[in-house]
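Reading the structure
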Amino acid sequence: MSHIIIPKDYKPHLNLIETEVAIKMIKDTFERRLAEQLRLTRVSAPLFLLKNTGLNDDLNGIEKPVSFTSFELNHNDEIEIIHSLAKWKRDALYRYGFEQHTGLYTDMNAIRKDEELDNIHSMYVDQWDWEMVISRADRTLDYFKAIVSKIYNALLDVEFLMIRHYPQLGESILPDEIYFITSQELEDLYPQLTPKEREKEIVRAKKAVCIMQIGDLLKSGQKHDGRAPDYDDWKLNGDILVYNTQLDDALEISSMGIRVDEKALKEQLEKANALERLSLPFHQNVINHVLPLSIGGGIGQSRLCMFFLRKAHIGEVQASLWDEETMKLCQENQIHLL
């Protein structure tokens, strides 16, 4: 059985049909606002990639992608269902010829079979993946924070719209501005807590937080969280978290970052004991300056819908698979899975 929390006296604010209508309103509105804020063009994206291209996202490095072969291709060519499009998007910026400070976004659907299921995790992943061309001068924490603030403005617009259409959702949760803090500053603030406990405390206090510089070791010798070594620059990345009132917890809605240049790529692959990846086509294109410098990330569609509609379980805003015990428990507690 998946791990599930049942909020006390939980009752959904919208019924099933209202929920489906609201989901479309959220997705349509946020997608449009995001594209306007960052000057992005929607493009089509793959569901699967050849393993030997090195384009699939390794996430934390331990999740194994769903894979298969096709009789139409070389029988030795392993095909992988994507985890995310972090590397594919940067390659697409080059192939499409996007100009500086413009970029792309896409609907990304993925299967993560090793995901531990709970209120906010599903085997099915749906997110907006986006990527934008930047200059070398943009590779700063200040520029990263400016892009985060633009995305946050889109979130504020959607929350205002949803509360206006559905006043039963209650008052707004998001503050006027997002709060920025590095993972090391967060550890210094709550040294006795685990990373997830730190996230919960800071988001309880600030309601919307961007935790920056994730992936490298902290002073304690631990990582705040794992990051693949070959897409985000660990000095120039971060997660956007908001306060989930139903679960009294932090809800991560986006992981994003300025992407590695040739120097950061080599340094991080060495730290990860993964220098053999340098021979892969994607990594060679970073080293040889074929691919543009970029910033990008993923924004969870179902996570956003959970937050804006004040839902207790991700299955209330997306259709996935759950074990029988979870479905029974949800039915008994007015958590209506789609």
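Before going into details, it helps to say that this report is about the structure given with it. None of these values were measured; they are calculated from a predicted model.

A few words now on the sheet that holds strand β4 (residues 79–81). One open sheet holds the three strands; their spatial order is β2-β4-β3, and the pairing between them is antiparallel. Every interior strand has two partners, whereas the edge strands, β2 (48–50) and β3 (67–68), have only one. When β2 meets β4, the two strands line up antiparallel, connected through three bridges. Paired with leucine 50 across the strands is isoleucine 79, a residue of β4.

Moving on: the sheet that holds strand β7 (residues 179–182). Pairing is mixed across the open sheet formed by eight strands, whose spatial order is β1-β5-β6-β11-β10-β9-β8-β7. Each edge of the open sheet carries a strand with a single partner, namely β1 (40–42) and β7. Ignoring which end each strand starts from, the neighbouring axes of this sheet average 25 degrees apart. Two elements, strand β8 (residues 208–212) and strand β9 (residues 232–244), share five bridges in a ladder whose sense is antiparallel. Looking at β9, one finds that valine 209 is bridged to leucine 241. This element, helix α3 (residues 141–165), spans β6 (124–133), β7, β8, β9, β10 (249–259) and β11 (294–300) of the sheet and lies at about 135 degrees to β10.

Core analysis: the largest hydrophobic core is formed by 67 residues, its most contacted members being Phe30, Trp130, Ile151, Met162 and Ile295. Residue contributions to this core peak at 11 residues, all from α3. Core analysis: the second largest hydrophobic core is formed by 13 residues, Val43, Ile82, Trp88 and Met108 among them.

Our focus in this paragraph is the side chain of aspartate 232. Along the polypeptide, aspartate 232 turns up in strand β9. At 2.4 Å, the side chain of aspartate 232 and the side chain of arginine 259 are in polar contact. Filtering out sequence-adjacent residues up to four positions away, aspartate 232 remains in contact with Arg227, Asn237, Met256, Gly257, Ile258, Arg259, Val260 and Gln268.

Quick look at helix α8 (residues 301–308) now. α8 sits mainly inside the fold: eight of its eight residues count as buried. Looking at α8, one finds that the buried residues are Gln301, Ser302, Arg303, Leu304, Cys305, Met306, Phe307 and Phe308. At the C-terminal side of α8, arginine 310 shows a positive phi close to 55 degrees.

Assignment of secondary structure puts glutamine 318 in the loop between α8 and α9 (324–332). Here serine 122 takes part through its side chain, which lies 2.7 Å from a polar atom of the side chain of glutamine 318. There is a polar contact of 3.4 Å between the side chain of glutamine 318 and the backbone oxygen of tyrosine 124. When near neighbours in sequence (up to four residues on either side) are disregarded, glutamine 318 contacts Ser122, Tyr124, Asp126, Ser302 and Leu338.

Bringing unusual backbone geometry into the picture now. Its identity as a non-glycine residue notwithstanding, aspartate 248 has a phi of 50 degrees, on the positive side. Along the chain, aspartate 248 falls in the loop between β9 and β10. Given the relative accessible area of 26%, aspartate 248 is considered partly exposed.

Once that is clear, we can look at the pattern of salt bridges. Under the definition given, this model contains 25 salt bridges. When the shortest N-O distance is used, the salt bridge between aspartate 233 and arginine 139 registers 2.9 Å. Separated by 94 residues along the polypeptide, aspartate 233 in strand β9 and arginine 139 in the loop between β6 and α3 bring together distant segments of the chain. When sorted by exposure, aspartate 233 lands in the same class as arginine 139, which is buried.

Our focus in this paragraph is the packing of aromatic side chains. Applying the stated criterion to the full structure yields three aromatic pairs. Between phenylalanine 30 and tryptophan 128 the ring centres are 5.1 Å apart and the planes differ by 45 degrees, which places this aromatic pair in the tilted class. A residue pair is termed long-range when its members are at least 10 positions apart, and phenylalanine 30 in helix α1 (residues 16–38) and tryptophan 128 in strand β6 qualify at 98 residues. For the cation-ring pair, lysine 207 lies above tyrosine 243, with the distance from its terminal atom to the ring centre recorded as 5.2 Å.

Cut-off values and rules
- Residues numbered from 1 in each chain as written.
- Predicted model: local features only at pLDDT ≥ 70, side-chain atom pairs only at ≥ 80, totals over all residues.
- Heavy atoms only, no water.
- Pairing = 2+ DSSP bridges.
- Helix = DSSP H or I, 4+ residues; strand = E, 2+ residues; numbered from the N terminus.
- Axes fitted to C-alpha atoms, helices over the stretch in contact; angles between N-to-C directions.
- Contact = heavy atoms within 4.5 Å.
- Core = buried A, V, L, I, M, F, W, Y, C linked by side-chain atoms within 4.5 Å.
- Buried < 20%, exposed > 50% of the residue type's maximum accessible area, 1.4 Å probe, protein only.
- Polar contact = N/O pair within 3.5 Å; in protein donor to acceptor, adjacent residues only side chain to side chain.
- Salt bridge = Lys/Arg side-chain N within 4 Å of Asp/Glu carboxyl O.
- Phe/Tyr/Trp six-rings, centres within 6.5 Å; stacked < 30°, edge-to-face > 60°.
- Lys NZ or Arg CZ within 6 Å of the ring centre and 35° of its normal.

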